[in-house]
Amino acid sequence: MSLHKLARELEETARQTAEMVDGITASLLTLGDTSIDCNAARSTAIRQIVVALQMQDRIEQRCRNMADAARKLADLSDGGDAQAAEGVWSTLALDELRDESLSGIAARTNSGEVEFF
């Protein structure tokens, strides 16, 4: 069960990584679009890059947490019991990984204002 969860989380992280790259690509296309005023293009590209940087921070945190979870799962003898394995996930710092119902939601919601972490 826990390794299946790890696999799902890795797939979600791959999806978020692809979305981050799409954001960077969009900013490059915006900067290269000659039909957009230079100032407007720069402003739009800056917003797109900031969002991509925020995504990278979240992806890095996800990866560190999953690596920690994988090490803890590996330490469980013979796969351990399911409750102990689920306990590994409950200790992670990122809510998105702790709560199955939240997985992937952050990438599909618009938080409004762009802010640095």
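Scroll up to find the structure.
Keep in mind that this is a model prediction, so the values were computed, not measured. (Residues numbered from 1 in each chain as written. Predicted model: local features only at pLDDT ≥ 70, side-chain atom pairs only at ≥ 80, totals over all residues. Heavy atoms only, no water.)

> Please provide a residue-by-residue account of the packing of helix H1 (residues 2-32) against helix H2 (residues 38-75), values included.
In contact at an axis separation of 9 Å, H1 and H2 are set at 165° when each is read in the N-to-C sense. In terms of orientation, H1 and H2 fall into the roughly antiparallel class. Along this stretch, H1 crosses H2, giving a crossing that reads as left-handed. Looking at the contact of H1 with H2 residue by residue, the class counts come to 17 nonpolar, 10 polar and six charged. (Axes fitted to C-alpha atoms, helices over the stretch in contact; angles between N-to-C directions. Helix = DSSP H or I, 4+ residues; strand = E, 2+ residues; numbered from the N terminus. Parallel < 35°, antiparallel > 145°, perpendicular 65-115°, else oblique. Left-handed = near helix turned anticlockwise from the far one by under 90°. Nonpolar A, V, L, I, M, F, W, Y, C, P; charged D, E, K, R; others polar.)

> A description of the environment of Ala 85 should follow, citing residues and the corresponding values.
Position of Ala 85 among the secondary structure elements: in helix H3 (residues 82-90). Residue classification places Ala 85 among the buried positions, given a relative accessible area of 6%. Once the C-alpha coordinates of Ala 85 and Leu 73 are considered, the two residues, 12 residues apart in sequence, prove to be 6.3 Å apart. (Buried < 20%, exposed > 50% of the residue type's maximum accessible area, 1.4 Å probe, protein only.)

> Before we move on, can you summarise the pattern of salt bridges with the specific residues and values?
One pass over the full model with this rule turns up six salt bridges. Notably, a salt bridge pairs Glu 60 with Arg 64, separated by 2.8 Å at the nearest N-O pair. With Glu 60 and Arg 64 both in helix H2 and four residues apart, this pair spans about one turn of that helix. Since its relative accessible area comes to 32%, Glu 60 is described here as partly exposed. Here the salt bridges do not stand alone but share partners, grouping Lys 5, Glu 9 and Arg 62 into one network. (Salt bridge = Lys/Arg side-chain N within 4 Å of Asp/Glu carboxyl O.)

> Kindly report on H2, identifying the contributing residues and their values.
If you check H2, its first and last C-alpha atoms are 55 Å apart, about what 38 residues at 1.5 Å a residue would give, namely 56 Å. With a side-chain oxygen positioned 3.2 Å from the backbone nitrogen of Asn 39, the residue opening H2 is Asp 37. (Expected span 1.5 Å × (residues − 1). Polar contact = N/O pair within 3.5 Å; in protein donor to acceptor, adjacent residues only side chain to side chain.)

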